[in-house]
Amino acid sequence: MKGERDRWKGNAVTKDIDLCHNTLPPTPCCSDIGVTAEDADIGANQVIAYQLAANVSEEVHSKFKIDSTSGWISTVNLLDREQMARYEFDVIASDNGFPRRSSLANVVIDVGDINDNPPVFTQTRYFATVNEDVDIGSTLVTLAVTDQDLTASRLLYYITSGDPRSQFSIKPNGALAVIKPLDREDIKPYKGLILDREASWGVSKINYNTPYCSKFRYKESVPEDAPLDTLVFKVETKDVDEKEESRVRYFLTGRGAEDFSIDSTSGEVKIARMLDRESQSKYRLVSHVQDLEELLWECTADVIIIVSDVNDNRPQFKVENLTALVPEDLEVKTPVNVILGNNRRVRYSFPASTDDHFMINDVSGIITLAKSLDRESNIMHNLAVIAKDQGSPQLSSTAFVTVVVLDVNDNPPEFESKTYFSAVPEDAHLGTEVIKVFATSLDAGVNAEIIYSILRGNEHRKFTIDPNT
């Protein structure tokens, strides 16, 4: 029976959770962040469930959750002390009895600070002018830095460039001071880049620096049909004066440098002449960034420009007109001729209207007989062969093959008439012509020459026949 009200071990829970600052959710706040309530009842009446109170803000809900069974509080999103340093909310513990009873506890979570914000210079550029006889230890300019972190440690400053003789130093308070004698005739204006320990930076324009190339090698590819003024790349430099105070110029050297233009102030490299990969497929150039006042001050970078192939050449046949002589009794699938171009990726074909007596291998260009020939039906076959490359756009060429069918003695002579009649008197003289027979052949040449003879019925040799007529 329900008779006791839930009681918390403590009336409030307060915990610094600096270990949770900027950790990815879900993360338990700390090893002991949780709430615990006790219920003196037994059985189901003793089962306790935890939840955030109804008055808890959306901000709290977006950052924390509570396990309904254990009371364990975890983060569900990143915390940022600079946006919210403390969260305070209520947690309700309810039992499972009837009527249900509950208690309320207050939770206070202080977000501990970590060093997650870099120092920031209040100015991005500092200027100073100093006489060359300035006293050692004199301060030229003081760099001001802010840090959003609560427990920001001491800032450390460094001069990373522009002070080759170590004539300047930055004090812990950000003061830039002279530590060695200066000589204007020996070294002209200085320019230095000053960094704090977190890499936030500001430029102290005290002196001038030699040109510095950000990259020492460029490798670019352009199609050979790229139009004039196409931008190929831009030479990158660092620590160069502002545009209105520019003290450098850009130029290119090397074989074929005249095919490209480079803007002398911006370093943009563009196509100046139409490119031809077949004439020059690769350019090896050098880009220069030169100081206008001190011509010996310059930096260089290697430039490789590859001219990529564009399909601007049609396949070429070794011979565009071929003649093949084949016997009319050539067996099917026997090769007739070979058509080869100068591109290994060429594909061969016949036009749709081509005679179906032949077929062609699309890779090798070998023409073979597809069905039997008959010289008496067609003495000559005219074929067109198309060669297409696999480029884009696809280009093609056409060659012509004439196949002449040679005669084979495959037709017997035929007489004009199958039966001949003649009468001769019994007193006819020897040599008297009795009858003349005539035969023809569909073959040609020697295969059409006919020889006559008496095959039978002349056992007594009473008659003779002229073999030629």
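Bear in mind the structure is a predicted one, so any value in this text is a computation, not a measurement.

About the thresholds
- Residues numbered from 1 in each chain as written.
- Predicted model: local features only at pLDDT ≥ 70, side-chain atom pairs only at ≥ 80, totals over all residues.
- Heavy atoms only, no water.
- Helix = DSSP H or I, 4+ residues; strand = E, 2+ residues; numbered from the N terminus.
- Buried < 20%, exposed > 50% of the residue type's maximum accessible area, 1.4 Å probe, protein only.
- Polar contact = N/O pair within 3.5 Å; in protein donor to acceptor, adjacent residues only side chain to side chain.
- Contact = heavy atoms within 4.5 Å.
- Pairing = 2+ DSSP bridges.
- Axes fitted to C-alpha atoms, helices over the stretch in contact; angles between N-to-C directions.
- Patch = residues over 30% accessible without salt bridge, like charges linked within 9 Å, V, L, I, M, F, W, Y side chains within 5 Å.
- Areas by Shrake-Rupley, 256 points an atom, 1.4 Å probe, with all protein chains shown as cover.
- Salt bridge = Lys/Arg side-chain N within 4 Å of Asp/Glu carboxyl O.
- Lys, Arg positive; Asp, Glu negative; His and termini not counted.
- Charge placed at Lys NZ, Arg CZ, Asp CG, Glu CD.
- Core = buried A, V, L, I, M, F, W, Y, C linked by side-chain atoms within 4.5 Å.
- pLDDT = per-residue confidence, 0-100.

Student: Looking at this structure, I do not really get the side chain of H288. What am I missing?
Tutor: On the secondary structure map, H288 appears in strand 26 (residues 282–291). Looking at H288, the relative accessible area reads 12%, which means it is buried. Side chain to side chain, H288 and E298 meet in a polar contact 3.3 Å long. Excluding residues that lie within four positions of it along the chain, H288 makes contacts with R249, Y250, F251, T253, E298, C299 and T300.

Student: Would you take a moment to explain the sheet that holds strand 15 (residues 168–170) for this structure?
Tutor: To summarise the sheet geometry, strands pair through backbone hydrogen bonds and adopt either a parallel or an antiparallel arrangement. Spatially, 3 strands are ordered 12-16-15 in an open sheet, and the strand pairing comes out antiparallel. Single-partner strands in this sheet number two, and they are strand 12 (139–142) and strand 15. The average angle at which neighbouring strand axes cross in this sheet is 20 degrees, direction not considered.

Student: Hey, could you run me through a positive patch on the surface in this one?
Tutor: On the surface, a cluster of positive charge is contributed by R217, K219, K282 and R284. Looking at the positive patch, the elements with two or more residues in it are strand 20 (217–223) and strand 26. If you trace the backbone, R284 turns up in strand 26. Judged by its relative accessible area of 56%, R284 falls in the exposed class.

Student: Sorry, what's going on with the pattern of salt bridges here?
Tutor: For side chains of opposite charge, pairing can occur when their charged atoms come near one another. Within the structure shown, the criterion is met by 3 salt bridges. With its nearest N and O atoms 3.8 Å apart, the salt bridge here joins R273 to D259. Within this pair, whereas R273 is found in the loop between strand 25 (268–271) and strand 26, its partner D259 is found in the loop between strand 23 (248–253) and strand 24 (260–262), the two being separated by 14 residues in sequence. Its relative accessible area of 46% is what places R273 among the partly exposed residues. Among the residues examined, D259 registers a relative accessible area of 11% and is labelled buried. With its nearest N and O atoms 3.4 Å apart, the salt bridge here joins D356 to K371. Of this pair, D356 sits in the loop between strand 30 (347–349) and strand 31 (358–360) while K371 sits in the loop between strand 32 (366–369) and strand 33 (380–388), and the two are 15 residues apart along the sequence. Overall, K371 belongs to the partly exposed group, its relative accessible area being 35%.

Student: Explain the nonpolar core here, please?
Tutor: Within soluble globular proteins, side chains that are nonpolar generally end up buried alongside one another. By size, the foremost hydrophobic cluster in this structure holds 24 residues, and its most contacted members are V232, F233, V235, F260, V269, L285 and I305. If you list the elements that add at least two residues to this core, you get strand 20, strand 21 (231–234), strand 23, strand 24, strand 25, strand 26 and strand 27 (298–308). Looking at which element gives the most residues to this core, the answer is strand 27, with 5 residues. Once you skip the residues sitting within four places of it in the chain, F260 turns out to touch V232, L252, V269, K270, I271, A272, L275, Y283, L285 and I305.

Student: Please clarify how the confidence of the model for the chain should be interpreted in this entry.
Tutor: Do not read the predicted coordinates in detail wherever pLDDT is low. Per-residue confidence for the chain averages 77 on the pLDDT scale, and 81% of its residues sit at or above 70. Scored below 50 in pLDDT, residues 26–31 shows 21 contacts in the model against residues more than four places distant or in partner chains.

Student: Help me understand the sheet that holds strand 30 in this model?
Tutor: Taken together, 4 strands build an open sheet; the order of strands is 28-34-33-30 and the sheet is mixed. With one partner strand each, in any of the chains shown, strand 28 (321–327) and strand 30 form the two edges of the open sheet. Geometrically, the sheet is characterised by an average inter-axis angle of 25 degrees between neighbouring strands, direction not taken into account. As paired elements, strand 30 and strand 33 share 3 bridges and run antiparallel to each other. For S349, the partnering residue across the bridge sits in strand 33 and is I386.

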